[in-house]
Amino acid sequence: LFLENGRERTVSDLAAGTVTSSFGTVNLRERRLTSLEGFPYFEDMHTLFLQDNLLSNFDHLGVQPGCTSITLDRNRICDFTGAERLPKLRSLSLEQNPIEEWDLFVVMCCLAVNPQLLKVNGRVVTKQQRQLVLLLDRPVTRIALRQGWILSTDPHKDSAVDIPVEEFFFRLDAFVDQL
C-alpha cells in the first residue's frame, strides 16, 4: 500500500482543478490513489478512467448517473465494497485485479453495479451469466456485495461463511425486509 506522508492518497489530496470532466470524460490514471474519498458528483460524466492506481474497492465513487463506462484496470480491487448501482453503466473493466480471479466475477460485476451491464473486461456478458444475474438480483445480494462479500461456486479456505445460496437468501431476506 502506497501512503503519502504516512496516509492514504485520496482524490481530495489532488491539486485543485485536476478532477474535472472534459467532454464527459474524467481521467485519473496513474495518480497512486488508494481511495476515491472526495470524488465529486458528475452529472455529465460518461467515461471514467481509474487504471494504474492502488484502489482496493469502490468506496466513495458514489452514484454517477450518466456514467456508461468505467476502467479500473491494474488496481487492487478485491471486492465490491461501497459499490453503488450506476443506472447507465454498460461497460466495466477490472483487468488485472484480484477480484477477477473469482468464478462468478462477471455475475458479481452485474449484481454490484448494474444488472444490464453489456461488457465486463471487454467481453460481452453471456446469456448464461445474465440468467444467473436475474436469479440472484435481490436486495440482500446487493447489500452483501456492497459490504465486501464474494459470491462463488467454489469453496474457499479463507471463507468466513460457506452456505448454499438458497440458505443465504432464507436467512437474510427477512432481515433485509425489516430495513
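Residues numbered from 1 in each chain as written. Predicted model: local features only at pLDDT ≥ 70, side-chain atom pairs only at ≥ 80, totals over all residues. Heavy atoms only, no water.

1. A word on the nonpolar core
Logical step 1: Ranked by size, the top nonpolar core spans 43 residues in total, and within it Phe39, Phe80 and Leu94 carry the most contacts.
Logical step 2: Of all the secondary structure elements, the ones that give two or more residues to this core are helix 1 (105-113) and helix 2 (127-136).
Logical step 3: The element best represented in this core is helix 1, accounting for nine residues.
Logical step 4: Not counting residues up to four positions away in its chain, the partners in contact with Leu94 are Phe58, Leu72, Asp73, Ile77, Phe80, Ile99, Glu100, Phe105, Cys109 and Asn121. (Core = buried A, V, L, I, M, F, W, Y, C linked by side-chain atoms within 4.5 Å. Buried < 20%, exposed > 50% of the residue type's maximum accessible area, 1.4 Å probe, protein only. Helix = DSSP H or I, 4+ residues; strand = E, 2+ residues; numbered from the N terminus. Contact = heavy atoms within 4.5 Å.)

2. Describing the packing of aromatic side chains
Logical step 1: Overall, the coordinates contain two aromatic pairs when judged by the stated rule.
Logical step 2: When the ring of Phe39 is compared with that of Phe42, the centres are 5.8 Å apart and the planes differ by 70 degrees; the resulting orientation is edge-to-face.
Logical step 3: Among the residues examined, Phe39 registers a relative accessible area of 8% and is labelled buried.
Logical step 4: With relative accessibility at 10%, the residue Phe42 sits in the buried group.
Logical step 5: With centroids separated by 5.4 Å and ring planes inclined at 20 degrees, the aromatic side chains of Phe58 and Phe80 adopt a geometry described as stacked. On the criterion of sequence distance, the pair formed by Phe58 in the loop between strand 2 (47-49) and strand 3 (69-71) and Phe80 in the loop between strand 3 and strand 4 (91-93) is long-range, its members being 22 residues apart. Neither residue differs from the other here; Phe58 and Phe80 are each classed as buried.
Logical step 6: Between the NZ or CZ atom of Arg29 and the centre of the ring of Phe49, over which it lies, the distance is 4.2 Å. (Phe/Tyr/Trp six-rings, centres within 6.5 Å; stacked < 30°, edge-to-face > 60°. Lys NZ or Arg CZ within 6 Å of the ring centre and 35° of its normal.)

3. Thoughts on the pattern of salt bridges
Logical step 1: Using the criterion set out here, one finds three salt bridges in the structure.
Logical step 2: Salt-bridge contacts for Asp137 lead to Arg142; the nearest nitrogen and oxygen are separated by 2.7 Å.
Logical step 3: We classify Asp137 as partly exposed; its relative accessible area is 26%.
Logical step 4: Here Arg142 falls in the partly exposed class, since its relative accessible area comes to 24%.
Logical step 5: Among the charged side chains, a network of salt bridges with common partners joins Arg85, Asp137 and Arg142. (Salt bridge = Lys/Arg side-chain N within 4 Å of Asp/Glu carboxyl O.)

4. Section: the sheet that holds strand 5 (residues 119-120)
Logical step 1: What the six strands build is an open sheet, ordered 1-2-3-4-5-6; its pairing is mixed. The sheet terminates laterally at strand 1 (25-27) and strand 6 (123-124), the two strands that pair on one side only.
Logical step 2: When strand 3 meets strand 4, the two strands line up parallel, connected through three bridges. Its bridge partner lying in strand 4, Ser69 is registered against Ser91. (Pairing = 2+ DSSP bridges.)

5. Examining the confidence of the model for the chain
For any part of a model where pLDDT is low, the fine detail of the predicted coordinates should not be relied upon.
Logical step 1: Overall, the prediction assigns the chain a mean pLDDT of 85, with 79% of residues at 70 or greater.
Logical step 2: Considering only residues more than four positions removed or in separate chains, one finds that residues 1-6, a stretch of pLDDT under 50, has ten contacts. (pLDDT = per-residue confidence, 0-100.)

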